[in-house]
Amino acid sequence: MLRNPHLSRRQSAAPAIGPEEDPSSAPQLGPGAELSIIVPTFNEHQNIVLLVERLRSCLGEAHWEVIFVDDNSPDGTADLVRELASMDARIRCIQRHDRRGLSSACVEGMLSSSAPYLAVIDADLQHDEQLLPVMLAELKRNAAEIIVGSRYAPGGDIGDWDAGRARMSRVAVRLSRVLVPADLTDPMSGFFMMHRSVFEKSVDRLSAIGFKLLADLFASSPEPLRFKELPYRFRNRHAGESKLDSVTAWDYAMLLLDKLIGHIVPVRFVAFSIVGAAGVAVHFAVLTPLIRLLGTRFVVAQAIATFCAMTFNFALNNVLTYRDARLRGWRWLRGWFLFVLACSVGGFMNVTVATFVYATYGTWVLGALAGIVIGAVWNYVVTKFFTWNRSHP
Ligand code: GDD
Ligand code: MN
């Protein structure tokens, strides 16, 4: 038994009130929430009130709470949630700064909850909230440890998606088979409810990259999850815009990669190296015309090309590798400066190590490779801390 709602205030672990206080004026303590509904939000101001109304009407007397995890939306979503929270203790707001990411937002919301049941639902009313009480009942009767709202189970529907998005979703589902069981029809679902233990046994292994927390949970669980799917029709977004874009596909690739090789090499380093390789192409695309067409001196052309490649690498890493910590405005400029500075030192180390290895072993390929590896690792580690301020994965 996690808690006893029938404990009186004096018997509970709550701080005792002073002897001069009138016990009858003490607030009545009720049981905590049994179900925490986590709602990740970014610019969902127009959907919040309606979602809360619908939760109230469909969950009735159940002991629930809703935790909005907002990434500092410019449209003031968090302010609105706090306003609603001041009138209803079941509503809570977590406002994150300088962070982005649907999955990581959900993880933080869950960590802030004490409820034995955890649900995730989008704010835009595309998921059918009527399923929430059914999911809760199914979990309570131990039909499964995780219940998934499915668009692909018999009776479910993807709604009014255009052919392109439907195709993308099907490809994503097929790719996910390396992570999730074959009979889970909608591993990309953003709508599910689970027993707290499901979250707790996987939390340390979660990648929490991008949008696909459910697939992440299945892949991170130490043993196969006992799941059940409930079909529903995916509705149209109520108001506002989808945050899904082409980079979501990149995030998904990074999630798959992290699950497959993350225990050997950090997936951010892989992303950083891919961007670095693209930077080499940019380098030559600048260098070649400078030398061939304009007859620029090699040292000058090489310096210009290096500078362009560094800027390109910084911009691309900012959008892809560090999407969750993306720098904007003057912080972009500051980040670019720190990146160029760090990579200049990295370049110096590259040449020094390469020269040393070449002098020692007499093989220039080995020297060049050693220089590249040392330079890349230096650039990665230093820019991770100083440019993007990440001290964790
Ligand atoms: N905190 C936070 N940070 N929330 C975010 C972020 C973010 O960076 N990006 C999106 N969200 C929130 C949105 O505000 C919304 O409440 C929810 O996450 C889903 O985002 P949408 O932009 O509406 O995504 P979608 O409709 O294209 O896709 C959703 O539904 C699919 C089907 O269930 C997602 O849940 C997908 O993961 C899912 O496959
Ligand atoms: Mn949506």
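Residues numbered from 1 in each chain as written. Chains lettered and ligands numbered in written order. Predicted model: local features only at pLDDT ≥ 70, side-chain atom pairs only at ≥ 80, totals over all residues. Heavy atoms only, no water.

Caption draft 1: View of the pattern of salt bridges. In total, this model carries 25 salt bridges according to the counting rule given. Residue Arg 54 is joined to Glu 129 by a salt bridge in which the shortest nitrogen-to-oxygen separation is 3.8 Å. Placement of the pair is Arg 54 in helix H1 (residues 45–59) and Glu 129 in the loop between strand S4 (117–120) and helix H4 (131–140), with a sequence separation of 75 residues. Glu 138 is the salt-bridge partner of Lys 228, the closest N and O atoms lying 2.6 Å from each other. A residue pair is termed long-range when its members are at least 10 positions apart, and Lys 228 in strand S7 (residues 227–231) and Glu 138 in helix H4 qualify at 90 residues. The exposure class of Lys 228 is partly exposed, given its relative accessible area of 27%. (Salt bridge = Lys/Arg side-chain N within 4 Å of Asp/Glu carboxyl O. Helix = DSSP H or I, 4+ residues; strand = E, 2+ residues; numbered from the N terminus. Buried < 20%, exposed > 50% of the residue type's maximum accessible area, 1.4 Å probe, protein only.)

Caption draft 2: Seen up close, the side chain of Thr 248. In this structure, Thr 248 sits in helix H8 (residues 246–261). The class of Thr 248 is buried, set by a relative accessible area of 9%. Sequence-distant contacts of Thr 248, that is, excluding residues within four places in its chain, are made with Phe 211, Lys 243 and Arg 323. (Contact = heavy atoms within 4.5 Å.)

Caption draft 3: Looking closely at H4. Among the residues of H4, those classed as buried are Leu 131, Leu 132, Met 135, Leu 136, Glu 138 and Leu 139. Buried positions in H4, seen along its axis, are confined to an arc of 160° and lie on one side of it. The secondary structure elements touched by the buried residues of H4 are strand S1 (35–41), H1, S4, strand S5 (146–150), strand S6 (192–195) and S7. Once H4 finishes, Asn 142 follows within two positions and takes phi at roughly 60°, a positive value. (Arc of directions from axis to C-beta.)

Caption draft 4: Structural context of the domain arrangement of the protein. According to the domain assignment, the protein contains domain 1 (35–252) and domain 2 (267–386). Distance from the C-alpha centre of domain 1 to the C-alpha centre of domain 2: 39 Å. Taken together, the contacts link nine residues of domain 1 with 10 residues of domain 2. For the pairing of domain 1 and domain 2, the buried interface totals around 750 Å² over both sides, and the portion due to carbon and sulfur atoms is 55%. For the interface between domain 1 and domain 2, the tally reads two salt bridges. (Domains from an automatic or database assignment. Buried area = accessible area lost by both parts, 1.4 Å probe.)

Caption draft 5: Layout of the sheet that holds S6. Ordered by their spatial adjacency, seven strands build an open sheet running S3-S2-S1-S4-S6-S5-S7, and the pairing between neighbours is mixed. Unpaired on one side and paired on the other, strand S3 (91–95) and S7 mark the two borders of the sheet. When the angles between neighbouring strand axes are averaged without regard to direction, this sheet yields 20°. Looking at chain direction, strand S2 (residues 64–70) and S3 are connected through five bridges and run parallel. Bridge assignment links Asp 70 to a residue of S3, and that residue is Gln 95. In the packing of helix H3 (residues 102–111) onto the sheet, contacts are made with S1, S2, S3, S4 and S6, and the angle to S1 comes to roughly 150°. (Pairing = 2+ DSSP bridges. Axes fitted to C-alpha atoms, helices over the stretch in contact; angles between N-to-C directions.)

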